[in-house]
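Structural overview for review
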Amino acid sequence: MFDQVLTDLGFDSVLLKMLSANSTDFFVVLYKGTRQVVWANERALEMFEYDNEAEFRQRYFHTLRKEKPKKEILDKISASIDKHGFWEEESELMTKSGRIFMGRITMRSFSYDGKELLLVRIVDIEKLKTNEAALRELNSELENRGREKTHSLQNTIAELQKQCKITQQAKEELARVSLFQRAVWDNAGALIVVTDKDGVIQHFNNVAEKKLGYLAKEVEGKLTPAIFHDVNETIERAKKLSE
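The structure contained in this document is the topic of the report that follows. (Residues numbered from 1 in each chain as written. Predicted model: local features only at pLDDT ≥ 70, side-chain atom pairs only at ≥ 80, totals over all residues. Heavy atoms only, no water.)

Concerning the overall build of the protein
The secondary structure content of the protein amounts to nine helices and seven strands. Counting every position in the protein, which comprises 243 residues, the buried fraction comes to 26%. Contacts in the protein between residues at least 24 apart in sequence constitute 38% of all its contacts with a sequence separation of at least 6. A total accessible area of about 16700 Å² is found for the protein, and carbon and sulfur atoms account for 52% of it. (Helix = DSSP H or I, 4+ residues; strand = E, 2+ residues; numbered from the N terminus. Buried < 20%, exposed > 50% of the residue type's maximum accessible area, 1.4 Å probe, protein only. Contact = heavy atoms within 4.5 Å. Areas by Shrake-Rupley, 256 points an atom, 1.4 Å probe, with all protein chains shown as cover.)

Overview of a nonpolar patch on the surface
Taken together, the side chains of Leu-135, Leu-138 and Leu-142 present a nonpolar region at the surface, about 280 Å² in accessible area. Position of Leu-135 relative to the elements: it lies in helix α6 (residues 126-186). Note on Leu-135: relative accessible area 49%, which makes it partly exposed. (Patch = residues over 30% accessible without salt bridge, like charges linked within 9 Å, V, L, I, M, F, W, Y side chains within 5 Å. Salt bridge = Lys/Arg side-chain N within 4 Å of Asp/Glu carboxyl O.)

Examining the layout of surface pockets
Quantified by volume, the largest pocket comes out at close to 150 Å³. Every residue lining the largest pocket is listed: Gly-33, Thr-34, Arg-35, Phe-61, His-62, Arg-65, Lys-68, Pro-69, Leu-74, Ile-77 and Met-107. Of the residues assigned to the lining of the largest pocket, the class counts are five nonpolar, three polar and three charged. (1 Å grid on protein atoms, 1.4 Å probe; cavity = no way out; pocket = protein on both sides within 12 Å on 5 of 7 lines; lining within 4 Å. Points joined across faces, edges and corners; volume = space filled by probe spheres on them. Nonpolar A, V, L, I, M, F, W, Y, C, P; charged D, E, K, R; others polar.)

Notes on the pairing of strand β7 (residues 201-204)
The pairing of strand β6 (residues 193-195) with β7 spans three bridges and is antiparallel. In the sheet register, Val-194 faces β7, and the bridge partner there is His-203. Once β6 ends, the chain turns through five residues before running back antiparallel as β7, passing Gly-199 with a positive phi of about 90°. (Pairing = 2+ DSSP bridges.)

Regarding the nonpolar core
Counting residues in hydrophobic clusters, the biggest one holds 23 residues, and the most contacted among them are Val-28, Phe-48, Phe-56, Phe-61, Met-107 and Val-120. Counting only elements with at least two residues in this core, the list comes to β1 (26-31), β2 (37-40), α3 (42-47), α5 (71-84), β3 (86-94), β4 (100-112) and β5 (115-124). If near-sequence neighbours (up to four positions away) are discounted, Phe-61 is found in contact with Leu-30, Arg-35, Ile-105, Met-107, Val-120 and Ile-122. Within the second largest apolar cluster, eight residues are counted, among which are Phe-27, Trp-39, Tyr-112 and Leu-117. (Core = buried A, V, L, I, M, F, W, Y, C linked by side-chain atoms within 4.5 Å.)

What to know about the pattern of salt bridges
On inspection of all chains with the given rule, the structure shows eight salt bridges. Across the pair Glu-89 and Arg-65 runs a salt bridge whose closest N-O atoms are separated by 2.7 Å. Placement of the pair is Glu-89 in strand β3 and Arg-65 in the loop between α4 (53-56) and α5, with a sequence separation of 24 residues. Across this residue pair, the class does not change: Glu-89 and Arg-65 are buried. Between Arg-104 and Glu-90 there is a salt bridge, with its nearest N and O atoms 3.2 Å apart. With a gap of 14 residues between them, Arg-104 in strand β4 and Glu-90 in strand β3 connect regions that are remote in the sequence. The exposure class of Glu-90 is partly exposed, given its relative accessible area of 38%.

Overview of α5
Along its 14 residues, α5 runs 20 Å from first to last C-alpha, staying within 8% of the 20 Å computed at 1.5 Å per residue. Looking only at α5, the buried set comprises Ile-77, Ser-80 and Ile-81. Axial view of α5: buried residues confined to an arc of 95°, hence all on one face. Counted as exposed and oriented over 90 degrees from the buried face of α5: Lys-71, Glu-72, Asp-82 and Lys-83. Looking at the packing, one finds that the buried side of α5 touches β3, β4 and β5. Just beyond α5, the residue with positive phi is Gly-85, at close to 70°. (Expected span 1.5 Å × (residues − 1). Arc of directions from axis to C-beta.)

Now the structure itself:
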C-alpha cells in the first residue's frame, strides 16, 4: 500500500528502496485523525523492537512516546499540521522493551485514497544529546575552574598589595627614623662618624664636615676613617699601644 502512496507522491524507486530498507532513519505512516500506525520501514521496526509490521500497526503513536503529551500539546501539534502541513519536535521515545531514547520527530500531512495521513520521520539523536550534555558539563567544569583561578588570582593580588603596603610603610618609617637620626647627629655639637663592620663610613655629620673638610657625600659608603690620620703617626701609635 505505502509503496503506491510514495509513488503517487512522486518518489522514485530508489527512494522507495531507501525508505523501506536502507535508510538509517525511521519512517512511519499514521492515520492523521487517530495517529494509529499504518506502515513503518524496517529501521523503525528494528529500533522500536517489533518483530513485524502487523504487530507494529496495532500501535498508536503516543504509545511510542515515554509520556503521552498533554492535550494542549496535542492540540498545538494538530493546529500546526492543519495550518502548515508540518510539525517538528524533540521527544523521548520508548521501545517495546521499555528502553528510552531521544528522537527528533518530523511530521508531514498528505492524502491518499481519500484518507488523511501523516508521514513521520524519526532521527535517533540520543548520542547527540549525550555528547551535548557532556559538552555542557565540560564547559561548566572549565567555567568553575576559571572562577577558582580568578578567585585565587584575586587573593594573590590582594596579598601582594597588602605586602606592598606593609613594605612601603616600613620604608617610610625607616626614612622617618633616618631623618630623625640625622637631625640628632647634625645638632649634637660633636663630630660623629659611623662606620659599618668593614670600617666603611656610613654616616658623617655636619660637624665632621666642618672639622675634617670633607662633605658627607664624598665619604659615606666610599672611604674609611683612615684618610683622617697620618700613616706614620698611626703606625707609631700602634707600636706604643702594643707594648
